[in-house]
Amino acid sequence: MIQHIATVAGLRAALAASGHDRDGRVALVPTMGALHEGHISLVNEARKHSGLVVVSIFVNPTQFAVGEDFDAYPRSLDADMKKLAGGADIVFAPSAREMYPGGHATTISVGGPAAGLETDFRPHFFAGVATVVAKLLIAAGPDVAVFGEKDYQQLLVVKRLVRDLALPVTIIGAPILREADGLALSSRNAYLSTGERRIAGRLNVILKDAVAQARASGDLRAVEAAATEALWQAGFSHVDYVAIRDAQTLEHIAALDRPARILAAVKIGKTRLIDNMAVA
Ligand code: PAF
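Residues numbered from 1 in each chain as written. Predicted model: local features only at pLDDT ≥ 70, side-chain atom pairs only at ≥ 80, totals over all residues. Heavy atoms only, no water.

### Digging into the sheet that holds strand β4 (residues 90–92)
Picture the strands of a sheet paired through backbone hydrogen bonds; they go either parallel or antiparallel. As summarised here, the arrangement of the six strands in space is β1-β4-β3-β2-β5-β6, forming an open sheet in which the pairing is parallel. In this open sheet, the two edge strands, each paired with only one partner strand, are β1 (3–5) and β6 (170–174). Adjacent strand axes in the sheet meet at a mean angle of 25 degrees when their direction is disregarded. In terms of strand pairing, β1 meets β4 through three bridges, oriented parallel. Paired with His4 across the two strands is Val91, which belongs to β4. Each of β1, β3 (52–57) and β4 touches helix α3 (residues 77–84); the most contacted strand, β3, lies at about 160 degrees to it. Contacting β2 (26–31), β3, β4 and β5 (144–148), helix α6 (residues 125–140) runs over the sheet at an angle of about 150 degrees to β2. (Pairing = 2+ DSSP bridges. Helix = DSSP H or I, 4+ residues; strand = E, 2+ residues; numbered from the N terminus. Axes fitted to C-alpha atoms, helices over the stretch in contact; angles between N-to-C directions. Contact = heavy atoms within 4.5 Å.)

Take a look at the structure:
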C-alpha cells in the first residue's frame, strides 16, 4: 500500500517511522507527475538501490516562465498513484504552498553545465529545477536519487548541484525509454496531434543520422548545421538548437576526442521536445 504524503514534516515522520525500511536505504525519484513508462523505469532503477522508494510528484512553478505550459501541464495524481502501485512506497505530492511558503526567498543558481542550450531558451529553468531538487533532496534525505537521461542537461546540473553543495546523495542517470519509432517518452508528447506526432518521430532519426555523420566526418559544426536543416525540412516549426558537446561538462568541443553527446530542442506548434544521445 503506497503512502500518500503532502507535507515535508509528514514525509520526514514517515521515513523515520519506516526505519528506512528493509535495507535502511531510501531512493528518491523526483517527477512532475503525468507518469509514463519512462518514469516507471526510473522507479524500477531506484528499487535496485534501495528498500524504500519515494516518488515526488510536484509540478514546480518556478521552472516555468510566464507563457509556458505550467497551467496546461497534465496533472493526474489518481492515475499516477495507480501506476506506482507495487513500485513506490511513498508518494510525496506537496502543494505549491508547502514547497514555497509565503515569503520564500531562496533560489539556487547553478553555473557550469547549466550554461547555454536550455538556458539560452529558458533562462529561468535551471534555477527553478535546482531549487526544487535541493528542497526535495533535503526533505527526503535519500541515499540515491534517479533522474532520466532524457533531460540530459538537467541531469548534469543536478550532479553539479549535489557535488558543489556536498549533499550526501548519489545521483543516478537512467537511460531514455523510446516509442517504437524512437520518439523519447515524455509527458509533453500528450500535447501532440496525430500529424505532429508523426513529425515528432523524426527527431531521434535525424539525431541518429547526425551521430553517424559526426563519427564519419568529424566536422561537428557541419553536422549540427545539417541536422538543423533536416529538422526544419521534417516539419518542425522551430529548431532551438542542435549541439554536439562534451558529455560531462557540456562545453563546446571541436573534435570527437572525448565522450560527446548530441542534444537538441525543437518545437512542433506549441509543444517543445528535447532529445539527446551519445556520439562518442
Ligand atoms: O524532470 C522533471 O520532471 C523536473 O524537472 C524535476 C526534476 C522533477 C524538477 O521539478
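### Concerning the side chain of Thr31
Positionally, Thr31 belongs in strand β2. At 3.0 Å, the side chain of Thr31 and the backbone nitrogen of Gly33 are in polar contact. What Thr31 contacts, discounting residues up to four positions off in sequence, is His39, Val55, Ser56, Ile57 and Phe58. (Polar contact = N/O pair within 3.5 Å; in protein donor to acceptor, adjacent residues only side chain to side chain.)

### Points about the environment of Tyr241
Take Tyr241: it is sitting in strand β7 (residues 238–246). Residue classification places Tyr241 among the buried residues on the basis of a relative accessible area of 11%. Taking the C-alpha atoms as reference, Tyr241 lies 9.7 Å from Ala227; in sequence the two are 14 residues apart. Sequence-distant contacts of Tyr241, defined by excluding residues within four places in its chain, comprise Leu117, Glu118, Phe121, Leu263, Ala264, Ala265, Arg272 and Ile274. Among the polar contacts made by the side chain of Tyr241, one reaches the side chain of Glu118 at a distance of 2.5 Å. (Buried < 20%, exposed > 50% of the residue type's maximum accessible area, 1.4 Å probe, protein only.)

### So, the site of the ligand
In the vicinity of the ligand, the contacting residues are Pro30, Thr31, Met32, Asn60, Gln63, Val129, Val132, Phe147 and Gln154. Taking Gln63, its side chain carries an N or O atom lying 2.6 Å from an oxygen atom of the ligand. Here an oxygen atom of the ligand sits 2.7 Å away from a polar atom, N or O, in the side chain of Gln154. Contact with the protein chains covers 89% of the free accessible surface of the ligand, which is 290 Å². Elements that contribute at least two residues to the shell around the ligand include exactly β2 and α6. For the shell around the ligand, the class distribution of residues is five nonpolar, four polar and no charged. (Near = heavy atom within 4 Å. Areas by Shrake-Rupley, 256 points an atom, 1.4 Å probe, with all protein chains shown as cover. Nonpolar A, V, L, I, M, F, W, Y, C, P; charged D, E, K, R; others polar.)

### Side note on the packing of α6 against helix α7 (residues 152–164)
Where α6 contacts α7, the two axes come as close as 10 Å, and the packing angle between them is 55 degrees. If you check the angle between α6 and α7, you find them oblique. Remark: the crossing between α6 and α7 carries right-handed chirality. Contacts between α6 and α7 involve Phe125, Phe126, Val129, Ala130, Val133, Ala134 and Leu137 on the former and, on the latter, Gln153, Gln154, Val157, Val158, Leu161 and Val162. (Parallel < 35°, antiparallel > 145°, perpendicular 65-115°, else oblique. Left-handed = near helix turned anticlockwise from the far one by under 90°.)

### A look at the sheet that holds strand β9 (residues 271–278)
Reading across from one edge, β7-β8-β9 is the order of the three strands in this open sheet, with antiparallel pairing throughout. Edge positions in the sheet fall to β7 and β9, since each of these pairs with one other strand and no more. Neighbour-to-neighbour, the strand axes of the sheet open up by a mean angle of 10 degrees, direction not taken into account. As paired strands, β7 and strand β8 (residues 260–268) are joined by eight bridges and run antiparallel to one another.

### So, helix α10 (residues 220–234)
With 15 residues, α10 extends 21 Å between its outermost C-alpha atoms, agreeing within 8% with the 21 Å of an ideal straight helix rising 1.5 Å per residue. Buried within α10 are the following residues: Leu220, Val223, Glu224, Ala227 and Leu231. The arc that holds the buried residues of α10, viewed along the axis, is 100 degrees, so those residues lie on one side. On its buried side, α10 packs onto α9 (202–217), β7 and β8. One or two steps after α10, the chain reaches Gly235, where phi turns positive at roughly 110 degrees. (Expected span 1.5 Å × (residues − 1). Arc of directions from axis to C-beta.)

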